[in-house]
Amino acid sequence: QLVESGGGLVQSGGSLRLSCITSRISFSTYVMGWYRQAPGKQREFVARISSNSTITYADSVKGRFVISRDNAKNMVLLQMNSLKPEDTAVYYCNGYYGVGFTRFGTEYWGKGTLVTVSS
């Protein structure tokens, strides 16, 4: 129910924009987030945005990545700037109904999109 796009190969210092679209009609009430999983590592939090657009970022991406949402398009975006080789990972979209960031009910995941940053 969550479909990511926008991954690819980029040089260090470059930018990419990831998109995640959902067909859920209750999108505006959902907390939407991005996670990533690098080869051989556990999945880790990247950024999230609540239904009232409160945002949090992982320290590793703060100041470089920007998350935003477009409720009219049921879409969440992740603008990634100043990319580093260590940002290489599969990026997953995540969504759940929440109050603030507290989850109620089912958590949904996309299948992921690969981002590769070359040095």
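Attention here is on the structure that accompanies the text. (Residues numbered from 1 in each chain as written. Predicted model: local features only at pLDDT ≥ 70, side-chain atom pairs only at ≥ 80, totals over all residues. Heavy atoms only, no water.)

**Details of the packing of aromatic side chains**
Operational definition: Only the six-membered ring of Trp is used, alongside the rings of Phe and Tyr, when aromatic pairs are assigned; centres must lie within 6.5 Å, and planes under 30 degrees apart are stacked while those over 60 apart are edge-to-face, with the rest tilted. Here's how the labels work: a residue is buried when its accessible area is under 20% of the maximum for its type, exposed when over 50%, partly exposed in between, all with a 1.4 Å probe on protein chains only. Whether a charge lies above a ring is judged from NZ of Lys or CZ of Arg, which has to be within 6 Å of the ring centre and within 35 degrees of the ring normal.
Counting across every chain of the model gives four aromatic pairs. Taken together, a centroid distance of 6.4 Å and an interplanar angle of 55 degrees make the contact between tyrosine 97 and phenylalanine 104 tilted. Judged by its relative accessible area of 44%, phenylalanine 104 is partly exposed. Through a chain of ring-to-ring contacts, three or more aromatic side chains come together here, namely Tyr35, Phe45 and Trp109. Between arginine 43 and the ring centre of tyrosine 92, over which it is positioned, the NZ or CZ distance is 3.8 Å. Directly above the aromatic system of phenylalanine 101 lies the positively charged group of arginine 48, at a separation of 3.8 Å from the ring centroid.

**What to know about the pattern of salt bridges**
Filter applied, for reference: In the sections that follow, a salt bridge refers to a side-chain nitrogen of Lys or Arg positioned within 4 Å of a carboxyl oxygen of Asp or Glu. Each helix is a run of DSSP H or I of at least 4 residues and each strand a run of E of at least 2, with the numbering of both proceeding from the N terminus.
Using the criterion set out here, one finds four salt bridges in the structure. Its salt-bridge partner being aspartate 87, residue arginine 36 comes within 2.9 Å of it at the nearest N-O pair. Placement of the pair is arginine 36 in strand β4 (residues 30-37) and aspartate 87 in the loop between β8 (75-80) and β9 (89-99), with a sequence separation of 51 residues. Like arginine 36, the residue aspartate 87 is buried in the burial classification. Its salt-bridge partner being lysine 62, residue aspartate 59 comes within 3.1 Å of it at the nearest N-O pair. Taking relative accessible area as the criterion, lysine 62 reaches 49% and is therefore assigned partly exposed. What emerges from the salt-bridge pattern is a single network uniting Arg36, Glu44, Arg64 and Asp87.

**Let's talk about the nonpolar core**
Note the cut-off: What makes a nonpolar core is a set of buried Ala, Val, Leu, Ile, Met, Phe, Trp, Tyr and Cys residues whose side-chain atoms join them at distances within 4.5 Å. The contact criterion used is simple: two residues touch if any of their non-hydrogen atoms lie within 4.5 Å.
Formed by 26 residues in total, the largest nonpolar core has its most connected members in Met32, Trp34, Val76, Leu78, Met80 and Tyr91. Every residue in contact with leucine 78, bar those within four places of it in the chain, is listed here: Leu16, Arg17, Leu18, Trp34, Val46, Ala47, Phe65, Val66, Ile67 and Tyr91.

**A few points about the sheet that holds β8**
Heads up, the rule is: Pairing between strands is defined by DSSP: at least two bridges between them are needed. Structural elements are reduced to axes, namely lines fitted to C-alpha atoms, with helices fitted over the stretch in contact, and the angle between N-to-C directions of any two is expressed from 0 to 180 degrees.
In spatial order, the strands read β1-β3-β8-β7; together these four strands make up an open sheet with antiparallel pairing. Whereas interior strands pair on both sides, the edge strands pair on one side only; in this sheet they are β1 (2-5) and β7 (65-70). Between one strand axis and the next, the sheet turns by 15 degrees as a mean value, whatever way the strands run. Examined bridge by bridge, β1 and strand β3 (residues 16-22) share four bridges and lie antiparallel to one another. In the strand pairing of β3, leucine 2 is matched with threonine 22.

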